[in-house]
Amino acid sequence: MKHLICFLVLFLISEVGSFDLVIYDIPDEVENLIDLEIDGFPSSSKTRNGRYQRSTSDWGYVGDLVDDDDKIGLYSYKVQSTITSRLANTMIQAKMVNNAKRTQNIVFDVQVPKGAFIDNFTMDINGITFTSRIHEKSEARKMYAQAKAKGKAAGIVRSNALDMENFKTEVNVPPGMRIQFELHYHEMIRRRLSSYEHVISVKPGRLAKHMEVDVRIVEPQGIRYVHVPNSLGDHFDGITTISKGEKKAHVSFKPTMAQQRKCPTCSSTAVDGNFVVQYDVNRETTGGELEIFNGYFIHFFAPENLDPLPKNILFVIDVSGSMWGLKMKQTIEAMKAILSELRAADQFSLIDFNHNVRCWRDNLVSATPAQVEDAKKYIQTIHPNGGTNINEALLRATFILNEAQSLGMLDPNSVSMIVFVSDGDPTVGELKLTTIQKNIKQSIKDEFSLFCLGIGFDVDYDFLQRIATDNRGMAQRIFGNMETSAQMKNFYNQVSTPLLKKIQFNYPQESVSDVTQSSFHNYFGGSEIVVAGKVDTENLQHLESIVTATAANAELVMETLRDVEELEGFMKKDKYADPEFTRKLWAYLTVNQMMAERNTAPTAALKRNITKSILQMSLDHHIVTPFTAMLIENPEKDEIMLADQPKDPRRGCCPGTLGLTPNAPNNNKGIPAWVNITAEPVSFMPEQRSPPVSSLSINRVDNDPHFIIHLPKSQRNICFNINSEPGKILNLVSDPVTGVVVNGQLVGAKKMENKKLNTYFGKIGFYFKNKGLKVEITTETITLKDGSYGITLTWSDTGHIIRKQLLISVKKESNVTITVGEEMSFMVLLHRVWKKHPVNVDFLGIYIPPENQLSPAAHGLIGQFASEPEVYIHHQRPGQDPEKPQATMEVKGNKLTVTRGLQKDYRTDRVLGTDVQCWFVHNSGKGFIDGHYKDYLVPHLYSFLKKP
């Protein structure tokens, strides 16, 4: 008897469009559909005569579904979202059927907004309903491990923390079977730029017989307007309907199957994107709106019609080499527009930094037209290069603000802020993030705000969030694409109009408890401050609040008084309003506040206490947080699936899984920190040591092929070339202890130049013997092999492959990184040439950090230097070329004549490369490498090197 495996994997992963596909071993065929089993253990879904129960839900007639080639029909795809006083409860439901004559996978794949709390997931498979419970993470993992040991664990749910989370479920379903998925989550809709924006990802993946997005808005304050932008495209003009009352609104999107088609004869759906609802509410009082219900209060505060406060703003712009190209172009464009929007009362300056820090002005200047124009010209002249000295750049900015304050140059009612823009981690100066965070906190004190923009996915966004939160600001990730400029301007607009400072919310202490953050540094026009707490409604008739703040022309004291039973009648009459909205909003704010406090906790003991509080809140309110996990179980509770969160989204997922991210936005979270380098000024005489390990500590083979070996102890770079024949395979790393092999196969140029045929690496093979995994990278494809199993990506993809704790990250038309746990990292760089070039061909370069944990037995052209040899360079003297001095190098008992010169590192500039100083060893490295280079030729792409 073969088993039918019901296989569930749920992923909460980041970056819009990014997902991981997780696959376990699945039997190739199912002979008898007598016993339904979930991942190898029996279920109770068969009837007495051996037939399957049909779902208890009535789907009606399903015979006219439109199937894709896989014969999977989507009967209905329904999204229902109800917003009650900014609290959005969203349910996404899909009903599907396998109309094929074979067992196959059915996928439920949805995107959840970052920051939303998933609170429930159910799955109905022909009458068997799987439901969810929230547990403390270690307890849930223990239960899962026990079930797995008994063969009763069916899947894993993982959650990463980037800008958008994916929730993906995959089930192996027999012919004719129906399945229903249902996911619930809630979030607080934030006000930005004078509008609330509710974003729902609608990506059914195929035509649905019944398609519906239904959004209901219930706002006791009253609804000012509702707008639905055409975010899904012109294809759906006129389909969305909006009905608006005084305090309620209804938005409906119900395309027919014909309207869903990309074209009249297409079988694919045009529904693929975000459904967006924008609205705002009426505001009658300056002191805000108090809403009290079910023992909780929510205070919404968004005053309008106030004069802006003058601002003192310092823009700190990363101009390191990694900002080269589109990022810098878009940043310059955005900065020119932002500078044009400065008000006459504002003061500003600019700082740009790489490994050095430069100031456009050493002090703040008034935003006069002449100064603004001069600043624009300065921005236009920036050319990115070099490393990233975050610590010094931010300390210079705080010094300028502190000095201006001590000299009495700042208006007492003004708001001071730093806007920091970067795309990477520090590579120069202070590198320890906790030290940088501490330095900034001590320098800023409690005087200024720090706002951080992280461009792309190489940047440590968590670090930017910490330093921003720690200094009364906020952080935002900017996607490094053609819309970078617009995203930067949008972010600036959110903080460009400070209306109030030093805002304090006050409530009667004897009547309220567990109040969320009630003191705020600034209030910006178009936003909203929300405070929540518990209130003793049984012994209180009215709740009073007093808000104090500093405005442009006065100190404000704003009072609000509300009847504690004012909402009772309204809530009871409306069937769509969520009666738990006040409790959920209070929990949402409280948990997020505690998470921020935990990130900046000064002691381990305090961090542990905060963690315990977050855990208890998560369990009490049935929500998935980084400290809880969701168990999905069948009614008998003997079939278990686990949902929790990986420790670090940069490092793969979980053991025994395989992930793929096709055609996603650039996502380099898998690239190790050593990828970013510092370009140092070139100087030959006298001999200079190589830059620090953090900037150039990498062993690389690139171009013809040029080897650059970095020696960390002596801080030198040693170079040599290998001149061999096309088709030959060179061993780069061979470690019999760790079981790691890296080999490269040579490819020749199209024709000879100067009586020489140049060779390059056209194929690189990695063999991880202890894992049984092979990776083959060519100029066309990237392939992972595990026995008979294999998966291939092309260079036109951006994605991840994860298996057995090995992570392969592909960046479209750029590079591949391979990460093995925390022990090893490799990077392969793609070089494309013009297809019709008469000589050159596409080729690969490989970059290997010396920190890789190879054994002392490692060998190969690069691997032998895992055990660094003693190198002594002396007797420097002029060479035939005055710019290339010579010297004597003693190494491994040999005396060699070496030449000082330059080689190229192409990681940050794949066209021109970055110059790297090194001592060049002639004759294919003879005397520096062990033996002759021909000793490193191997017969196959995955062969270990046989040492003589």
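Preceding block: the structure.
Here goes a summary of the coordinates provided. What you see is a predicted model; the values in this text were computed from it and never measured.

**Section: the state of the cysteines**
- Counted according to the given criterion, the structure contains two disulfides.
- The disulfide that involves Cys 263 links it to Cys 266, with 1.8 Å between the sulfurs. Its S-S torsion of about 95° marks the bond between Cys 263 and Cys 266 as right-handed, since a negative value means left-handed.
- In this model, Cys 719 is linked to Cys 918 through a disulfide, with the two sulfur atoms separated by 1.9 Å. Here the disulfide of Cys 719 and Cys 918 is left-handed, its torsion about the S-S bond being about -130°. Of this pair, Cys 719 sits in strand S38 (residues 716-721) while Cys 918 sits in strand S53 (residues 914-921), placing them 199 residues apart in sequence.
- Assessed through its relative accessible area of 0%, Cys 719 is described here as buried.
- The buried category is assigned to Cys 918, whose relative accessible area is 2%.

**Quick notes on the nonpolar core**
- Within the largest apolar cluster, 60 residues are counted, with the highest numbers of intra-cluster contacts made by Phe 766, Ile 777, Ile 808, Ile 818, Met 889 and Phe 928.
- Within the second largest apolar cluster, 56 residues are counted, among which are Ile 72, Ala 116, Ile 223 and Ala 270.

**Regarding the packing of aromatic side chains**
- Scanning the entire structure with this criterion turns up 25 aromatic pairs.
- With 4.6 Å between their ring centres and 15° between their planes, Phe 865 and Phe 928 make a pair best called stacked. One end of the pair, Phe 865, is in the loop between strand S49 (843-848) and strand S50 (871-877); the other, Phe 928, is in the segment after helix H13 (922-925), and 63 residues separate them in sequence. Residue Phe 865 shares its accessibility class with Phe 928, and that shared class is buried.
- One aromatic cluster is present, built from ring pairs that chain together Phe 108, Phe 121, Phe 167 and Phe 181.
- For the cation-ring pair, Arg 361 lies above Trp 360, with the distance from its terminal atom to the ring centre recorded as 4.2 Å.
- For the cation-ring pair, Lys 774 lies above Tyr 767, with the distance from its terminal atom to the ring centre recorded as 5.4 Å.

**Remarks on the sheet that holds strand S13 (residues 195-202)**
- Across the sheet, which stays open at both edges, the four strands sit in the order S12-S13-S18-S15 with antiparallel pairing between neighbours. Two strands close off the open sheet at either side, each with one partner strand: strand S12 (191-192) and strand S15 (223-227).
- Summarising the sheet, S13 and strand S18 (residues 273-281) pair through seven bridges and their orientation is antiparallel. Each bridged residue has a counterpart across the sheet, and for Ile 200 the counterpart in S18 is Phe 275.

**Some details on the sheet that holds strand S33 (residues 555-563)**
- Reading across the sheet, the four strands line up as S30-S28-S32-S33 and stay open at both edges, with antiparallel pairing between neighbours. With one partner strand each, in any of the chains shown, strand S30 (519-524) and S33 form the two edges of the open sheet. The sheet shows a mean angle of 30° between the axes of neighbouring strands, taken without regard to direction.
- Relative to S33, strand S32 (residues 542-550) runs antiparallel, the two sharing nine bridges. Looking at S33, one finds that Ser 545 is bridged to Thr 560.

**Quick word on the packing of helix H3 (residues 326-340) against helix H8 (residues 484-495)**
- Contact geometry for H3 and H8: axes closest at 8 Å, N-to-C directions at 35°. Both H3 and H8 take part in a crossing whose hand is right-handed. Of the residues in H8, those in contact with Gln 330, Thr 331, Glu 333, Ala 334, Ala 337 and Ile 338 of H3 are Thr 484, Ser 485, Met 488, Lys 489 and Tyr 492.
- In terms of residue class, the contact of H3 with H8 is made up of five nonpolar, four polar and two charged.

**A short note on helix H5 (residues 390-406)**
- Under the 1.5 Å per step criterion, the end-to-end length of H5 is 24 Å for 17 residues, consistent within 8% with the ideal 24 Å.
- Every buried residue belonging to H5 is among Ile 390, Asn 391, Ala 393, Leu 394, Ala 397, Thr 398, Ile 400, Leu 401 and Ala 404, and all of these are buried.
- Gly 408 sits one or two positions beyond H5 and adopts a positive phi of about 75°.

Rules behind the numbers
- Residues numbered from 1 in each chain as written.
- Predicted model: local features only at pLDDT ≥ 70, side-chain atom pairs only at ≥ 80, totals over all residues.
- Heavy atoms only, no water.
- Disulfide = S-S within 2.5 Å.
- Helix = DSSP H or I, 4+ residues; strand = E, 2+ residues; numbered from the N terminus.
- Buried < 20%, exposed > 50% of the residue type's maximum accessible area, 1.4 Å probe, protein only.
- Core = buried A, V, L, I, M, F, W, Y, C linked by side-chain atoms within 4.5 Å.
- Phe/Tyr/Trp six-rings, centres within 6.5 Å; stacked < 30°, edge-to-face > 60°.
- Lys NZ or Arg CZ within 6 Å of the ring centre and 35° of its normal.
- Pairing = 2+ DSSP bridges.
- Axes fitted to C-alpha atoms, helices over the stretch in contact; angles between N-to-C directions.
- Left-handed = near helix turned anticlockwise from the far one by under 90°.
- Contact = heavy atoms within 4.5 Å.
- Nonpolar A, V, L, I, M, F, W, Y, C, P; charged D, E, K, R; others polar.
- Expected span 1.5 Å × (residues − 1).

Treat this as a map of the structure, not an account of what it does.
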